[in-house]
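Remarks on the overall topology
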Amino acid sequence: MLTKVWKALPIAAVLLAGAALPSYAAASTLRDGAAAAGRYFGTAVAAGPLSNESQYITVLDREFNSVTAENAMKWDATEPSAGSFSYGSADALVTHAQAHGQQVRGHTLVWHNQTPSWVQNLAAADLRTAMQNHIANVVGHFKGKIYAWDVVNEIFDDNGGFRSSFWSQKLGQTFVADAFTAARAADPAAKLYINDYNVEGVNSKSTAMYNLVRTLKSQGVPIDGVGLQAHLIVGQVPSDLQQNIQRFADLGVDVALTELDIRMQTPSDSTKLANQRTDYNRVTTACLAVTRCVGITVWGFTDKYSWVPDVFSGQGAALPYNENYQAKPAYTGMLDALNGGTGGGGGDTQAPTTPGTPTASTVTSSGATLTWTASTDNTAVTGYDIVNAANTVLGSSTGATTTLTGLTPATSYTLRVIAKDAAGNRSTASASVTFTTTTGGGGGSGACTATYSVVNSWQNGFQAGVTVTNTGTAAITGWTVTWTFPNGQTITQLWNGTLTQSGSAITVRNASYNGALGVGASTTFGFTGTHTGTNNAPSSVTCS
Ligand code: 9MR
């Protein structure tokens, strides 16, 4: 059937042929959608459920045409003691893959983790020999059955330095070229990859990787591909992901997203899941936009089996299926991208620019005002979310400022701002601002607010009042109100409080008789003052 023929052709080939894009039914699985675009869609596979869980196997075989052993091909599994090789789980996966039209990514040959202590304890010369022997045996065992090997894994630190590990400490950086050379010799048909995390955007770590790949290629080291693991956080997909993929591709190597997951603080809710859908859509779209981005592998597909909650406390829900094997919005986001769109996004896939770094003002025991430089967008910025490190939304606004409420007293907050547009595109998060809420009045644990109002104003003089309200959940025993006069006003007399005045900076503490405020209770102090013609109220009045 004609549509089948079209589906087998990479989009790029169709475009090169100058033909109009054919219309055919949208793919209904990730593997079909990827194949129609000349890519693969893969998943990491855990040995346990592969051996005995029918729901797991059903989704695996329906949705994916590439698999990676989550653990079964690592050194501790394949050569637990010197020269003694075991391939039970790995062979089971390869056999399964071959029976279900799935190619296999081999993961991984040389890594600092999951490598037995007998290896780590070897002296330099023996270590190099053991590495070459391991590669010859493992790659040789699977020769002809592996599409690509992650030859070296995670050899950089996050600052862009070479990772200090038993490999580098004993062998310097030379083990990298030696590993690729040994892998090529053992299976000339397998694509050979370098693989790492936190290299998805353009940053010092990805630039170090870029420079090494360029050097290795110039030295004739047999390297074919770069794996960007892509362990990401909802709301924090790098805006330059596509640009970064492209620069690696421009070195003349394939690029793959090898371990994609996008985590959130649990429990999930509909907003987080919608944002996760947008993020999965964007990642998929970025790969499809670069011809040499050959495929995407998710690091597991069901939240039932994910490394994330074990490593990041309180986080999870990172994968496209939930624990009950129901597809999440994230799944739809990827399928929509493979089918050429954002799925309800109205065709707009461009995210707003990153907001400016927020500044915090008017920090109280329960709130703070954040202000930042606005983002721009090809359509329009419709709002902003204020998120913490776990990506929980603490507040939202339509403009470039917002006052957060409901914060916890005496607590440090590190917050970022994300801009949104009508299509659901989200910017990358701004740089962060950190502030600490005050402890609450008079050493109490409550929160309070202060409202300033001018009662009367005349030539060069005025009277004003400030109402202090306990907005916390506990009684307070004292309060302190501060502000800065904007027009050089001076207080001449104050009642129902104790005044400290330093230039335009005003501090008023409670009098002996009005410091105690029950929950929701208020008190007022007043004062008269002078001004020189302008008498604006202070822009922020804080209470603590
Ligand atoms: O998902 C893997 C988990 O089951 C293992 O316990 C863990 C041990 O190191 O490795 C996990 O997979 C990692 C992968 O091999 C390399 N990149 C990071 C992955 C998540 O930690």
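Residues numbered from 1 in each chain as written. Predicted model: local features only at pLDDT ≥ 70, side-chain atom pairs only at ≥ 80, totals over all residues. Heavy atoms only, no water.

The chain has the name Beta-xylanase in an unreviewed UniProt entry, where Sphaerisporangium corydalis is given as its organism. Under the UniProt heading Sequence similarities (unreviewed entry), the note attached to the chain is "Belongs to the glycosyl hydrolase 10 (cellulase F) family." Among the UniProt annotations of the chain, the heading Catalytic activity (unreviewed entry) holds the following wording: "Endohydrolysis of (1->4)-beta-D-xylosidic linkages in xylans." (UniProt positions renumbered as here; feature names shortened; annotations may be inferred.)

Quick word on the packing of helix α13 (residues 241-249) against helix α14 (residues 270-288)
Put simply, α13 and α14 touch, their axes get as near as 9 Å, and they point 30° apart. If you check the angle between α13 and α14, you find them roughly parallel. As for the relative orientation of α13 and α14, their crossing is right-handed in sense. Packed against α13, whose contacting residues are Leu-241, Gln-242 and Ile-245, the element α14 presents Val-283, Ala-286 and Cys-287 at the interface. Here the residues of the contact of α13 with α14 sort into five nonpolar, one polar and no charged. (Axes fitted to C-alpha atoms, helices over the stretch in contact; angles between N-to-C directions. Helix = DSSP H or I, 4+ residues; strand = E, 2+ residues; numbered from the N terminus. Parallel < 35°, antiparallel > 145°, perpendicular 65-115°, else oblique. Left-handed = near helix turned anticlockwise from the far one by under 90°. Contact = heavy atoms within 4.5 Å. Nonpolar A, V, L, I, M, F, W, Y, C, P; charged D, E, K, R; others polar.)

Considering the pattern of salt bridges
The full count for this structure, using the stated rule, is 13 salt bridges. Lys-304 is paired through a salt bridge with Glu-53; the nearest N and O atoms lie 2.7 Å apart. Of this pair, Lys-304 sits in the loop between β9 (293-298) and α15 (308-311) while Glu-53 sits in the loop between α4 (47-52) and α5 (54-63), and the two are 251 residues apart along the sequence. Salt-bridge contacts for Asp-254 lead to Lys-191; the nearest nitrogen and oxygen are separated by 3.6 Å. Taken as a pair, Asp-254 in strand β8 (residues 254-265) and Lys-191 in strand β5 (residues 191-196) lie far apart in primary sequence, 63 residues in all. According to the relative accessible area criterion, Lys-191 is partly exposed, its value standing at 29%. Each member of the salt-bridge network shares a partner with another, and the members are Asp-158, Asp-196 and Lys-205. (Salt bridge = Lys/Arg side-chain N within 4 Å of Asp/Glu carboxyl O. Buried < 20%, exposed > 50% of the residue type's maximum accessible area, 1.4 Å probe, protein only.)

Quick notes on the packing of aromatic side chains
Here the structure, examined in full by the defined rule, presents 29 aromatic pairs. Residues Phe-485 and Phe-527 carry aromatic rings whose centres are separated by 6.5 Å and whose planes lie at 70° to one another, so their mutual orientation is edge-to-face. Taken together, the residues span a long stretch of sequence, with Phe-485 in the loop between β20 (480-484) and β21 (490-495) and Phe-527 in strand β24 (residues 522-530) at a distance of 42 residues. Neither Phe-485 nor Phe-527 differs from the other in exposure class; each is buried. Ring-pair connections join several aromatic residues into one group, and the members of that group are Phe-41, Tyr-56, Phe-64, Phe-301, Tyr-305, Tyr-321 and Tyr-331. Positioned over the ring face of Tyr-193 is Arg-105, at 4.8 Å from the centre of the ring. Of note, Lys-205 hangs over the ring of Tyr-197, and the distance from its end group to the ring centre comes to 3.7 Å. (Phe/Tyr/Trp six-rings, centres within 6.5 Å; stacked < 30°, edge-to-face > 60°. Lys NZ or Arg CZ within 6 Å of the ring centre and 35° of its normal.)

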